[in-house]
Amino acid sequence: MKRIVGVCGLLAGMAAGTHAQMPAAAIGPGTLAPLRVDPAVKVALGGVSADQVQADIAKLVSFGTRSTLSSMDTDLPQGQGILAAADWITSEFEAISKECGGCLEVKRDEFVQPASNEARSRVTRPTKLVNVYAILRGTGGEKAPWVLVTGHYDSRVTDVMDSKLAAPGANDDASGVAVSLESARAMARLTKAGVKLTGTMVFVAVAGEEQGLLGSAHLAKLAKAEGWPLEAVLNNDIVGGDTTPGATGQDKDVVRVFSESIPTTATAEQQKMTLGLGAENDSPSRELARQIVELAPAYFKPTTQRPPALKGGGRSQLMRLVPAFRPVMILRRDRYLRGGDHSSFNAEGFTAVRFTEWRENFDHQHQILRSENGVEYGDLLKFVDFGYVVKVAQLNALTMASLAAAPSEPQHVRVVTQELDNYSNLEWDASAFAPPGTTYEVVWRDTNENLWTHSQSAGAETHLKLDVSKDNVLFGVRAVSAAGDRSLAVPPVPVRK
């Protein structure tokens with residue numbers, strides 16, 4: 001191993017949603033300090049290629065249909081259908097692994113989904129599904145954190161039960177599979193350059209999403225059964241930056257990050273405590289979304305922008321720094337009437353979020369290929385912005401590298417509430433994976449803020465008392481590597497001694 005890298009960090013005030021001035025209630029020992037950006041990671045991410053993204057998506061489109069149900073069809077032309085697509089994805093991961101000296105373990109999670117007679121079933125006969133994934137092992141052993149990126153490679157037309165018609169699925173979701181493949185290539189380049197991360201990364205393409213999240217549900221159960229220490233799951237679904245001539249409202253400078261609030265697996269007692277503390281915005285998945293937003297400025301150079309026009313005319317004179325490409329926290333699990341593979345991982349207790357372009361064009365999703373009244377329908381390659389997919393892939397790979405270089409999360413974080421006072425006394429147990437040089441920091445923000453605004457290092461100690469009223473702010477504690485890479489923040493649970 002050449003070295004363990006520090007990846008990147010937080011630039012206070014630059015991420016979307018922060019303010020130029022700190023609210024008075026949050027002023028305390030220190031504001032968030034910018035961290036270094038590792039040049040090796042920047043080089044690896046700089047190799048993410050629009051040409052390669054285009055080639056990946058075009059190849060997936062070439063399989064005609066990628067309907068999950070096509071796996072059982074015996075009359076498809078040779079080289080067509082979802083199983084042919086699975087074989088190609090497998091070969092791509094194997095080719096990536098060959099380039100880095102066998103750094104990837106390429107696997108297939110194959111199973112038969114039973115038929116269901118339920119009225120709304122999307123599987124009416126036993127159907128073979130194949131999830132393809134590649135594991136890049138870290139150097140930190142079994143306790144080091146794992147990070148997973150995924151997209152679904154199945155596609156559909158208007159009738160989800162039709163397995164014959166052409167269903168290119170360029171944006172939904174060949175774009176997400178391209179993100180997974182390009183993330184693997186970027187991290188393989190890092191490995192080939194001799195840079196070893198302590199955490200393990202998993203690159204995935206799942207099937208069965210359009211039939212009801214079937215592939216991701218199976219893989220999430222497998223991950224839980226095998227004890228994968230997944231600290232973050234990044235699901236990319238419809239990240240092609242739809243480009244339709246004449247369409248308005250699309251924003252190529254942002255990507256939405258959806259995350260659940262109260263965890264799916266929370267007990268009734270846990271839900272009650274969360275609501276009582278006002279901590280519904282501090283779920284594990286919400287902490288992951290928050291960290292993604294804070295990481296973006298480390299790679300995407302900020303630009304100066306003036307806020308929109310104010311009501312009543314005129315503009316605020318307050319300028320702000322905004323990353324040239326930035327994730328935006330969407331404070332819900334997913335869109336109306338829709339679902340995604342991150343929910344399968346949430347259901348098994350894992351921390352997971354979804355990336356999706358800013359404004360979807362529903363003429364280019366789940367449609368039979370056709371033109372009507374001058375409108376072209378269908379999820380075609382020509383509507384994908386390959387440069388946009390590159391930025392989404394870079395953001396995913398950046399997040400993976402940062403978390404894979406960090407210690408695991410602090411354990412049993414708590415705030416002592418024995419006395420009525422205006423202090424905050426926080427305690428926690430050391431991370432299960434804490435390499436030499438690991439320290440801890442407490443972060444906090446006003447209750448009406450989305451992003452952390454202040455931090456205080458505790459060094460190697462596992463407790464810190466702050467002259468900040470616990471009633472006025474929300475806290476988190478995270479572990480910090482010697483090079484400056486942060487784990488996800490863990491909010492405290494109140495205890496009385």
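These numbers come from a predicted model, not from an experiment. Position numbers for residues count from 1 along each chain, tracking the sequence in the order it is written. In view of the model being predicted, local features appear only for residues whose pLDDT reaches at least 70, and side-chain atom pairs are presented and counted only at 80 or more, with totals across whole chains, interfaces and linings using the full set of residues. Neither water nor hydrogens contribute to the side-chain values; these are computed over all heavy atoms in the structure.

### Some remarks on the nonpolar core
Here is step 1: The biggest cluster of nonpolar side chains holds 81 residues, and the ones touching the most others in it are Ile89, Phe93, Tyr153, Met187, Phe203 and Phe355.
Here is step 2: The greatest single-element share of this core, amounting to 13 residues, is contributed by helix α9 (residues 386–404).
Here is step 3: The contact criterion used is simple: two residues touch if any of their non-hydrogen atoms lie within 4.5 Å. Those residues in contact with Met187 that sit more than four places away from it in its chain are Leu45, Leu136, Met201, Phe203, Ala397 and Ala401. Nonpolar core, defined: a set of buried Ala, Val, Leu, Ile, Met, Phe, Trp, Tyr and Cys residues in which side-chain atoms within 4.5 Å join the residues together. When accessible area is computed with a 1.4 Å probe and restricted to protein chains, residues below 20% of their type maximum are described as buried, those above 50% as exposed, and intermediate ones as partly exposed. Secondary structure elements are taken from DSSP: a helix is a run of H or I of four residues or more, a strand is a run of E of two residues or more, and numbering for both begins at the N terminus.

### Some points on the state of the cysteines
Here is step 1: Cysteine sulfur pairs qualify as disulfides if the two atoms are within 2.5 Å. A complete count under the given rule lists one disulfide for this structure.
Here is step 2: Note on cysteine connectivity: Cys100 is disulfide-linked to Cys103, with sulfurs 1.8 Å apart. Here the S-S torsion is close to -75 degrees, and the disulfide linking Cys100 with Cys103 is therefore left-handed. Pair check on accessibility: Cys100 and Cys103 agree, each one buried.

### Focus: the environment of Glu105
Here is step 1: Checked against the element boundaries, Glu105 lands in strand β1 (residues 104–113).
Here is step 2: Assessed through its relative accessible area of 31%, Glu105 is described here as partly exposed.
Here is step 3: If sequence neighbours within four positions are ignored, Glu105 has contacts with Tyr133, Ala134, Ile135 and Arg137.

### Here's the deal with the side chain of Arg286
Here is step 1: Position of Arg286 among the secondary structure elements: in helix α7 (residues 284–295).
Here is step 2: In this structure Arg286 touches Ser259, Glu260, Ser261, Glu280, Asn281, Met329, Leu331 and Arg332, once residues within four positions along its chain are discounted.

### Considering the confidence of the model for the chain
Here is step 1: Averaged over the chain, the pLDDT score is 89; the fraction of residues at 70 or greater is 89%.
Here is step 2: In predicted models, pLDDT denotes the confidence assigned by the predictor to each residue on a 0 to 100 scale. Overall, residues 1–28 carries pLDDT values under 50, and its contacts beyond four positions in sequence, including any with other chains, amount to 92 contacts.

### Description of the packing of aromatic side chains
Here is step 1: Here a Phe, Tyr or Trp ring, Trp counted by its six-membered ring, pairs with any other such ring whose centre lies within 6.5 Å, and the pair is stacked when the planes are under 30 degrees apart, edge-to-face when over 60, and tilted otherwise. By the definition in use, this model includes eight aromatic pairs.
Here is step 2: Ring plane angle 55 degrees and centroid distance 5.7 Å describe the contact between Tyr133 and Trp228, whose orientation is recorded as tilted. Of this pair, Tyr133 sits in strand β2 (residues 127–136) while Trp228 sits in the loop between α5 (214–225) and β5 (230–236), and the two are 95 residues apart along the sequence. Pair check on accessibility: Tyr133 and Trp228 agree, each one buried.
Here is step 3: Arranged with centres 5.7 Å apart and planes meeting at 85 degrees, the rings of Phe325 and Tyr388 form a pair that is edge-to-face. Linking Phe325 in the loop between β8 (320–323) and β9 (326–330) with Tyr388 in helix α9, this pair joins segments that are 63 residues apart in sequence.
Here is step 4: Given the relative accessible area of 1%, Tyr388 is considered buried.
Here is step 5: Three or more aromatic residues joined by ring pairs make a cluster, and in this case those are Tyr299, Phe300, Phe325 and Tyr388.
Here is step 6: Counting as a charge over the ring demands two things of the Lys NZ or Arg CZ atom: a distance within 6 Å of the ring centre and an angle within 35 degrees of the ring normal. For the cation-ring pair, Arg370 lies above Tyr377, with the distance from its terminal atom to the ring centre recorded as 4.1 Å.

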